[in-house]
Amino acid sequence: GAEEVGEEGDDGATVSRAVGDGKGSSLSTTCRTALVPLVVRALFGRLLLRSGRGSSKNQLAGKRATVLAALGALSPVELGTLVDLALAPFAHLEAALNSPASHPTAAEMEQEQEQDPELSAYDHAGASAELPHAALLALDGVPLTRRVGVARMLLDMLEHHGPKLRPHARRLARVSLSLLAHAANSLAAALPGAVDVSPLPPAVRRSTRAVSDTTAGREARTLALRLCVELMGSFSEEAAGGEGTVPSPWHDGVILCALPMLRALPTHYTQAISAPLSLLTAIASDAFLWPLLERPPLLHCTLSTLSAKKLSRPVADAILDAADALLDGKLDLTGAAAAQEEEETDDATRGRRDSLAAAARAAVAFAEGGGKRREVDPARAALPSPLGPHMGAFLGHLRTHLSSTLGGGAAAAAKAAKAGGRGAPPGGGRALALLCRMAPHVPDGEDCGALVALLLPWASPKAKAPQPLVERVLRVLAFLAPRAPQAGGVADALAAACGGLRSRGARGALVEVFCALALGRPELRLEHTARVLLGLGAHATDASSLGPAASALLGLHAEKQGDDESKAERAPKRRARLDELDFDARATALSLAADGEFLKVAGVRQLAPLLHALCAELLGASDDLSLRHAAGGSLARLVRHAAGRAAALAAASLPGAPPANPPATEGEIPGAWRALLLRTVLKTARVALRLPMESESLRHLFLGLLADALRADAALAPDLAVLTNSADREADWFDNMAHTQLHRRRRALARVQTHIRAGQLTAPSLQNVILPIALTYAMATGDSWQTVAEEAVRTLGAVAAALPWRGYSTLLRTLLKLADANPALEKRLLKAMCAVLQEFGHAPEVAEEVGGIEGAPAAAAAAVEGVVEASDDEDDEEEKEGEAEAE
């Protein structure tokens, strides 16, 4: 039956019945002892024999998998027969390894004196003793294909039998190291100038026969290194000879033999996970092996691979996973961070750094975004991390990797975000996740500022990045921004995001950034702003998910874990009801937004986030009318303050004028206040004025805000300021347009036509303010709106006469689309088109396009309008007759 195993279609059931599991088998111990070696020997030929029609390498691998799975019930002692048979081709090698005379020769001892200073920490004598010259000469007599086949079989044995091979680990380790050293020396003899092949350190340099097939030689070296890596990860202590200490001579021998491959990682192994990279990941995942990373150049070569120009995502993720595992240990920062600590003698500064270190765990938990946290290995957490001395270099390589992956500006961020789909761009999400863990440990100054400058464009609304990615970036910035030199610039750049984020998690992370800036950088005076933003985004269930900075700002104590656990037990019954907006907190925040004491000292930086947030709050059209009115009132006070401050600073800058009260702060100029109003209120007003008739109250609110800004500072928009009248509010155009009496709105539309035809209003004001209002009222329905709609049609004609060609053609196409989409308003919209065509004033520019007929459009428009007016009169008579009959 054993002879039939491995044939096509056989699943190894015959061997399972013959061998059993040793416990449930009906064979006696004596019979089993005699039978198992026979079965193993009978099957072993199938592991290496390639026979039969259509045989291939894949079929041979399938046979090995079938046989090794069938032998999975053997005990570790019984597997000794399989190990003996597998290593039978290396009998001379093992004899040389076990010979008492296996010690370095005189020539080898002389070579060891030529050590590289970088490798002085390695045990060269011990590594050389692991590789006697006679042992490597014995491998010259084994064909290369046989060495490759045995290496593959040993890898399969480790995969299927794993811990059962522990008694044979030392034997397998010595053979694997010899295979690696022989393959490395054979390649070095064949390719002396190859970067990834030579030079080998003197301790492992031997005189062996040059390999004829370099491709097969590289494969043999890779397989031997993977075999050493598997043994190092599974039986590290046993492979070293049971010494119980790392590094051992065997570990040093593996690293020294793989040294050319390690040094070539940034140039030759960037597209797929290679054997030297697997060596690093195996060492990083096992705290027992961490001492191997404390010596150059293993960690340095691997981290520098992040700076490679063409780095595949699997390779980058493998390196970042290894770094993530190393961050589990205790970081002992050196270099810039240590020098900074020596310079910090101020108690307040030292206390801030101590509090940062104490909040590191809370920072990491918040940065992970509430997802399932990776469990930290206690063995790694108790040891110092080898990454500490390399933190500066690692940050530099990581910065280079992020720059090439994510780009450095909003445009590049937007392009990469679109390429990445709903998730993070390729290769960038893993690096950002790692930055979340590194953020509390990044030293202040240049490194911190460089990372902030790299990540900040991703939080900009212009980037239009996926919201999960924006949330991740903001969580990183929450711990980097307060310690960056450009902390004020971060607050200015993120102000626009206060009204542009859609997801709840991203908004919470943004609030955390402002809270962190308020606590970490008191000179920015952002505490009041952060409190208001925290209240505006408050939810009933947010108290337990606040970040450390927001919790500290509110005076919460996250360390009360007992209270949190007791709340968590009661939460499921009320979670569905409580997961809603906290209206009390939002109302309180709205009342604090325009606090008088705050406005006395607030500048552009302090008001910008609030203006963006309140504009977004109003456009969100909350169902609670009290919150909407409170937001409108607070926004109106902020707008009046900003516009008044701009006017006061402009007046104080005139020759002989008294200084502003309060005096201008450093860098405070009227242009900054006006630019803030243009970016917030005026920009939002352009959107609000285009809302349909159902949002009439919101449109009136923004008309009032625009009027308040123009009354306080006419220089904001001098042409629109002509329409205001502070002395006689009855004649104020903005007040009349928001009045409840419709006849006053009609008169206001008629009066603005005079200003338009006099050329007092510019094209931007017409397109952004007058045109949206006239177009909205032109589509109003109902008898009460009839006169207002007719006046709006005439206003559209006046506006069309003052528009440039692009705006004129856009208005005409808009009317055509609206007429097709609204059949009930087709007559009125046709009237509007006729009014627009009557004001056709671009004859010199368009005459050439239409064949030089300048008067035709006006004549055609007049004829069409006459027909429309006649049809309207007939319809009016029919409606009157119908009403009489109804009465």
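Just so we're clear, the structure is a prediction, and the values are computed from it rather than from any experiment.

Chemist: Would you mind going over the overall build of the protein with me for this structure?
Modeler: Secondary structure assignment for the protein yields 47 helices and zero strands. Of all 887 residues assigned to the protein, the portion counted as buried reaches 48%. When contacts within the protein are restricted to residue pairs at least 6 apart in sequence, long-range pairs at least 24 apart make up 75% of them. Put simply, the protein shows about 40600 Å² of open surface, and 54% of that area lies on carbon and sulfur atoms.

Chemist: Looking at this structure, how should I read the packing of helix H44 (residues 805–821) against helix H45 (residues 826–838)?
Modeler: Relative orientation and spacing of two packed helices are given, respectively, by the angle between their axes and the distance between those axes. As a packed pair, H44 and H45 sit with axes 9 Å apart at the nearest point and diverge in direction by 165°. One element, H44, and the other, H45, form an angle in the roughly antiparallel class. As for how H44 packs across H45, the hand of that crossing is left-handed. Here H44 contributes Tyr808, Leu811, Leu812, Leu815, Leu816, Leu818 and Ala819 to the contact with H45, which in turn contributes Leu829, Ala832, Met833, Val836 and Leu837.

Chemist: Could you clarify how one ought to interpret the environment of leucine 749 in this entry?
Modeler: Relative to the elements of secondary structure, leucine 749 occurs in helix H41 (residues 742–757). When the C-alpha positions of leucine 749 and isoleucine 773 are compared, they lie 9.3 Å apart, and in sequence the two are 24 residues distant. Setting aside chain neighbours within four positions, we find leucine 749 in contact with Trp733, Met737, Tyr777, Val788, Glu791, Ala792 and Thr795.

Chemist: Explain the nonpolar core here, please?
Modeler: Buried together is how nonpolar side chains tend to be arranged in soluble globular proteins. Counting residues in hydrophobic clusters, the biggest one holds 252 residues, and the most contacted among them are Leu474 and Ile770. Those residues in contact with leucine 474 that sit more than four places away from it in its chain are Ala459, Leu494, Leu501, Ala506, Ala509, Leu510 and Val513.

Chemist: Please explain the state of the cysteines as it appears in this structure.
Modeler: Think of a disulfide as a covalent bridge from one cysteine sulfur atom to another cysteine sulfur atom. What the rule picks out here adds up to zero disulfides. The thiol of cysteine 257 is not disulfide-bonded; the next cysteine sulfur, from cysteine 228, is found 8.0 Å away. By relative accessible area, cysteine 257 is classed as buried at 2%.

Chemist: What am I meant to see in the environment of serine 304 here?
Modeler: In this structure, serine 304 sits in helix H17 (residues 298–304). C-alpha of serine 304 to C-alpha of glycine 396: the two residues are 92 residues apart in sequence and 9.1 Å apart in space. Contacts of serine 304, omitting those with residues within four sequence positions, involve Pro266 and His397.

Chemist: Would you take a moment to explain the confidence of the model for the protein for this structure?
Modeler: Segments scoring low in pLDDT should not have their predicted coordinates read at a detailed level. Residues with a pLDDT of 70 or more make up 75% of the protein, whose mean pLDDT is 79. Here residues 356–360 is a poorly scored stretch, pLDDT under 50, and it has three contacts once near neighbours within four places are set aside; other chains count. Taken together, the stretch residues 842–887 has pLDDT below 50 and engages in 24 contacts with residues farther than four places along the chain or on a different chain.

Chemist: Can you help me understand helix H42 (residues 763–778) in this one?
Modeler: The periodicity of an α-helix, 3.6 residues per turn, causes residues three or four places apart in sequence to face the same way. Taking the largest bend as the criterion, H42 deviates by roughly 40°, centred on isoleucine 770, and proline proline 772 comes between one and four positions later. Counted residue by residue, H42 has 12 buried out of 16 residues, so it is predominantly covered. Restricting attention to buried positions, one finds in H42 the residues Ser765, Leu766, Val769, Ile770, Leu771, Pro772, Ile773, Ala774, Leu775, Thr776, Tyr777 and Ala778.

Chemist: Would you explain unusual backbone geometry in this entry?
Modeler: Glycine aside, negative phi is the norm for most residues, and most peptide bonds take the trans geometry. For the peptide bond that leads from serine 198 to proline 199, omega is 0°, which places it in the cis range. Inspection of the secondary structure assignment puts proline 199 in the loop between helix H10 (169–190) and helix H11 (214–234). Even without glycine at this site, arginine 525 takes up a positive phi of about 55°. Among the secondary structure elements, arginine 525 is positioned in the loop between helix H29 (504–520) and helix H30 (527–536). What makes arginine 525 partly exposed here is its relative accessible area of 41%.

Chemist: Help me understand helix H43 (residues 786–802) in this model?
Modeler: If you check H43, its first and last C-alpha atoms are 25 Å apart, about what 17 residues at 1.5 Å a residue would give, namely 24 Å. All of the buried residues along H43 are Val788, Ala789, Glu791, Ala792, Val793, Thr795, Leu796, Gly797, Ala798, Val799 and Ala800. Where H43 is buried, its residues contact H41, H42, H44 and H45.

Chemist: What should I look at first to understand the environment of valine 752 in this one?
Modeler: Inspection of the secondary structure puts valine 752 in helix H41. Separated by 29 residues in sequence, valine 752 and leucine 723 have C-alpha atoms that sit 7.9 Å apart. Filtering out sequence-adjacent residues up to four positions away, valine 752 remains in contact with Leu723, Trp733, Leu761, Ile770 and Thr795.

Chemist: Which parts of the structure should I look at to understand the packing of aromatic side chains?
Modeler: Two measures describe an aromatic ring pair: the distance that separates the ring centres and the angle between the ring planes. Counted by the stated rule, this structure contains five aromatic pairs. An angle of 85° between the planes, with centres 5.1 Å apart, marks the rings of tryptophan 733 and phenylalanine 734 as edge-to-face. Phenylalanine 734 gets classed as buried once you look at its relative accessible area, which sits at 2%. Pairing tryptophan 805 with tyrosine 808 gives two aromatic rings, centres 6.0 Å apart and planes at 25°, and the pair type is stacked. Placement of the pair is tryptophan 805 and tyrosine 808 together in helix H44, with a separation of three residues, close to one helical turn. Using a relative accessible area of 30% as the deciding quantity, one classes tryptophan 805 as partly exposed. Tyrosine 808 gets classed as buried once you look at its relative accessible area, which sits at 1%.

Chemist: Help me out: how do you make sense of the packing of helix H9 (residues 144–161) against H11 in this one?
Modeler: Two elements in contact, H9 and H11, have axes separated by 9 Å at closest approach and are oriented at 25°. By the angle between their axes, H9 is roughly parallel relative to H11. In this structure, H9 meets H11 at a crossing whose hand is left-handed. Residues Leu144, Val148, Ala151, Arg152, Leu154, Leu155 and Leu158 of H9 form the contact with H11, whose own contacting residues are Ala216, Gly217, Glu219, Ala220, Leu223, Arg226, Leu227, Glu230 and Leu231. Of the residues contributing to the contact of H9 with H11, the split by class is 11 nonpolar, one polar and four charged.

Chemist: Hey, could you run me through a positive patch on the surface in this one?
Modeler: On the surface, a cluster of positive charge is made up of Lys462, Lys683, Arg686 and Arg690. Counting through the fold element by element, arginine 690 comes out in the loop between helix H37 (670–688) and helix H38 (696–712). Taking the relative accessible area as the measure of exposure, arginine 690 reaches 47% and is therefore partly exposed.

Chemist: What exactly am I supposed to notice about the pattern of salt bridges here?
Modeler: Side-chain pairing between opposite charges can occur once the charged atoms of the two side chains come close. Going through the model one piece at a time under the given rule, you end up with 31 salt bridges. In this structure, arginine 711 engages aspartate 735 in a salt bridge whose closest nitrogen and oxygen atoms are separated by 3.1 Å. Separated by 24 residues along the polypeptide, arginine 711 in helix H38 and aspartate 735 in helix H40 (residues 733–737) bring together distant segments of the chain. Within this structure, Arg640, Asp708, Arg711, Arg729, Asp732 and Asp735 form a network of salt bridges that share partners.

Parameters and conventions
- Residues numbered from 1 in each chain as written.
- Predicted model: local features only at pLDDT ≥ 70, side-chain atom pairs only at ≥ 80, totals over all residues.
- Heavy atoms only, no water.
- Helix = DSSP H or I, 4+ residues; strand = E, 2+ residues; numbered from the N terminus.
- Buried < 20%, exposed > 50% of the residue type's maximum accessible area, 1.4 Å probe, protein only.
- Contact = heavy atoms within 4.5 Å.
- Areas by Shrake-Rupley, 256 points an atom, 1.4 Å probe, with all protein chains shown as cover.
- Axes fitted to C-alpha atoms, helices over the stretch in contact; angles between N-to-C directions.
- Parallel < 35°, antiparallel > 145°, perpendicular 65-115°, else oblique.
- Left-handed = near helix turned anticlockwise from the far one by under 90°.
- Core = buried A, V, L, I, M, F, W, Y, C linked by side-chain atoms within 4.5 Å.
- Disulfide = S-S within 2.5 Å.
- pLDDT = per-residue confidence, 0-100.
- Bend = angle between axes of the 7 residues up to and from the residue.
- Expected span 1.5 Å × (residues − 1).
- Phe/Tyr/Trp six-rings, centres within 6.5 Å; stacked < 30°, edge-to-face > 60°.
- Nonpolar A, V, L, I, M, F, W, Y, C, P; charged D, E, K, R; others polar.
- Patch = residues over 30% accessible without salt bridge, like charges linked within 9 Å, V, L, I, M, F, W, Y side chains within 5 Å.
- Salt bridge = Lys/Arg side-chain N within 4 Å of Asp/Glu carboxyl O.
- Lys, Arg positive; Asp, Glu negative; His and termini not counted.
- Charge placed at Lys NZ, Arg CZ, Asp CG, Glu CD.

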